[in-house]
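Listed below are the residues making up each chain.
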Amino acid sequence: MKILVTGGAGYIGSAVVEQLVDNGEPVVVFDNLSQGHRAAVPPEAIFVEGDLADRKAIDAALSQHRPEAVMHFASRTLVGESMQNPFLYVGDNVSNGLNLFKSMVEHGVKRIILSSTANLFDEPERMPIDESERIVPGSPYGESKFILERILHWLDRIYGMRFACLRYFNAAGATLTRGEDHHPELHLIPIVLQVAMGKREKVSIFGSDYPTRDGTCLRDYIHVVDLAQAHILALGALDGGSRFYNLGNGEGFTVKEVIDTASEVTGTKIRAEVGPRRAGDPAVLVAASGKIRKELGWVPQYPHVRAIIESAWRWHQANPDGYAK
Ligand code: UFG
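Residues numbered from 1 in each chain as written. Predicted model: local features only at pLDDT ≥ 70, side-chain atom pairs only at ≥ 80, totals over all residues. Heavy atoms only, no water.

Colleague: Kindly report on the sheet that holds strand β3 (residues 46-49), identifying the contributing residues and their values.
Modeller: Strands sit in the order β3-β2-β1-β4-β5-β6-β11 across an open sheet of seven strands; the sheet is parallel. Strands with a single pairing partner mark the edges of an open sheet, and in this sheet they are β3 and β11 (243-247). Averaged over neighbouring strand pairs, the angle between their axes works out to 20° when direction is ignored. Pairing of strand β6 (residues 162-168) with β11 involves five bridges; the strand directions are parallel. The residue of β11 that forms the bridge with tyrosine 168 is leucine 247. Docked against the sheet, helix α1 (residues 11-22) engages β1 (3-6), β2 (27-31), β4 (69-72) and β6, running at close to 165° with respect to β2. (Pairing = 2+ DSSP bridges. Helix = DSSP H or I, 4+ residues; strand = E, 2+ residues; numbered from the N terminus. Axes fitted to C-alpha atoms, helices over the stretch in contact; angles between N-to-C directions. Contact = heavy atoms within 4.5 Å.)

Have a look at this one:
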């Protein structure tokens, strides 16, 4: 099946493209390279440099390449940034998604996988969080994904657009050739590894007075390879109907545990200092992924954070400056 992947030059998008290409699927990557890297796109994929804000550009890509399905990763994804600049999220994330959806309807493309987020669940009543949990977005970022999920609900009802919304918890880790390279880097695991590589002096722990086993925030880290596998399974199931899945391992690790594990993996004592809390961080976020396991037979290969960190460490050592410019 020919698949157009928006944001396919980015961290998660490129890992999914890698698996699609390995499976022999024809892939078209549509990316404006604002955050992604041209070098992250495998040579087997067609690359279109384009911006979803430009309706003509996405129309042209769909007319020319005629994909049967879309995977939509292209997005801003920072909770903190969305609290500073909400219009980039409830504005651009939503209007870019709308441009894509309108173009898909006009070109008769009726299958889509949407990257959604655990940030839909700011006030969970149960932990781990399953798909029946009440949705209370934690930021304009989470809200933008919720709006896109709701729009897809109506496009399914009205046009028969089949969708899967995959709500990622904390994506991390690397494939052998693709890893995390953000500018600036704000995510915990790559920051910790930068300290191990001597590229940063220390990592700041954002708060140590949370109600968790050691006082630091607890998160459910999911390997990017396992996420990619979930996308491929979800795409294969779309003709059976639209769906929502929470994606994590069902086990959380605290910030201190991540730092300690990274110290073991890298053989370096990683310097850490407790700082103030970061606005918008919930204490605990853990996914219940029973639904996708049961319905699609998804089984994560790397459920433990140690294996996730090992893979990221391998990639960072092989690519100390990230993707070459
Ligand atoms: N953290 C630190 N110090 C740092 C960076 C992070 O202590 O320098 C802590 C955070 O407070 C948090 C944990 O490490 O408790 C993980 O933080 P990340 O920034 O790596 O990831 P987030 O949990 O903030 O967000 C990620 C994605 C979002 C997604 C969310 C869903 O970036 O897009 O997971 O859980 F919405």
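Once you've had a look at it, read on.
Colleague: I'd like to hear about the environment of threonine 77, residue by residue, with values.
Modeller: Mapped onto the elements of the fold, threonine 77 is located in the loop between β4 and α3 (79-84). Exposure remark for threonine 77: the relative accessible area of 35% places this residue in the partly exposed category. For the pair threonine 77 and asparagine 93, spaced 16 residues apart in sequence, the C-alpha to C-alpha distance is 9.2 Å. Apart from residues lying up to four places away in sequence, threonine 77 is in contact with Tyr89 and Tyr141. (Buried < 20%, exposed > 50% of the residue type's maximum accessible area, 1.4 Å probe, protein only.)

Colleague: Outline the side chain of serine 263, supporting the account with residue identities and numerical values.
Modeller: Turning to its location among the elements, serine 263 is positioned in helix α8 (residues 255-266). Side-chain polar atoms of serine 263 contact the backbone nitrogen of isoleucine 270, separated by 3.3 Å. Setting aside its immediate chain neighbours within four residues, serine 263 contacts Thr268, Lys269 and Ile270. (Polar contact = N/O pair within 3.5 Å; in protein donor to acceptor, adjacent residues only side chain to side chain.)

Colleague: Describe the environment of arginine 243, and please don't skip the residues or the numbers.
Modeller: Position of arginine 243 relative to the elements: it lies in strand β11. Between the alpha carbons of arginine 243 and alanine 164 there is a distance of 4.8 Å; along the sequence they are 79 residues apart. Here arginine 243 is in contact with Phe163, Ala164, Cys165, Ala237, Glu295 and Leu296, once residues within four sequence places are set aside. A distance of 3.2 Å separates a polar side-chain atom of arginine 243 from the backbone oxygen of alanine 237. Of note is the side chain of arginine 243, whose polar atom sits 2.9 Å from the backbone oxygen of glycine 241.

Colleague: Which residues make up the side chain of aspartate 156, and what values do they have?
Modeller: Considering the arrangement of structural elements, one finds aspartate 156 in helix α5 (residues 140-159). Discounting chain neighbours no more than four positions away, the residues touching aspartate 156 are Met161, Arg162, Phe163 and Ser242.

Colleague: Give me the lowdown on the pattern of salt bridges, citing residues and values where you can.
Modeller: Within this structure, the stated rule accounts for 22 salt bridges. Aspartate 321 is paired through a salt bridge with lysine 199; the nearest N and O atoms lie 3.3 Å apart. Taken together, the residues aspartate 321 in the segment after α10 (305-318) and lysine 199 in the loop between α6 (188-196) and β8 (203-206) connect sequence positions 122 residues apart. Classification of lysine 199 by relative accessible area gives partly exposed; the value is 44%. Through salt bridges that share partners, Glu201, Lys202, Arg271 and Glu273 make up one connected network. (Salt bridge = Lys/Arg side-chain N within 4 Å of Asp/Glu carboxyl O.)

Colleague: An account of the nonpolar core is needed here, citing residue identities and associated values.
Modeller: Counting residues in each nonpolar core, the largest one holds 37 residues, and the members touching the most others are Met71 and Leu247. At the level of elements, β1, α1, β2, β4, β6, α7 (224-237), β11 and α9 (290-296) are the ones that each hand at least two residues to this core. Per-element tally for this core: the top contributor is α7, with eight residues. The residues that make up this core include at least three from each of domain 1 (3-172 + 222-247) and domain 2 (188-219 + 251-318). When sequence neighbours within four positions are dropped, the list of residues in contact with methionine 71 reads Ile3, Leu4, Val5, Thr6, Val16, Leu20, Ile113, His231 and Leu235. (Core = buried A, V, L, I, M, F, W, Y, C linked by side-chain atoms within 4.5 Å. Domains from an automatic or database assignment.)

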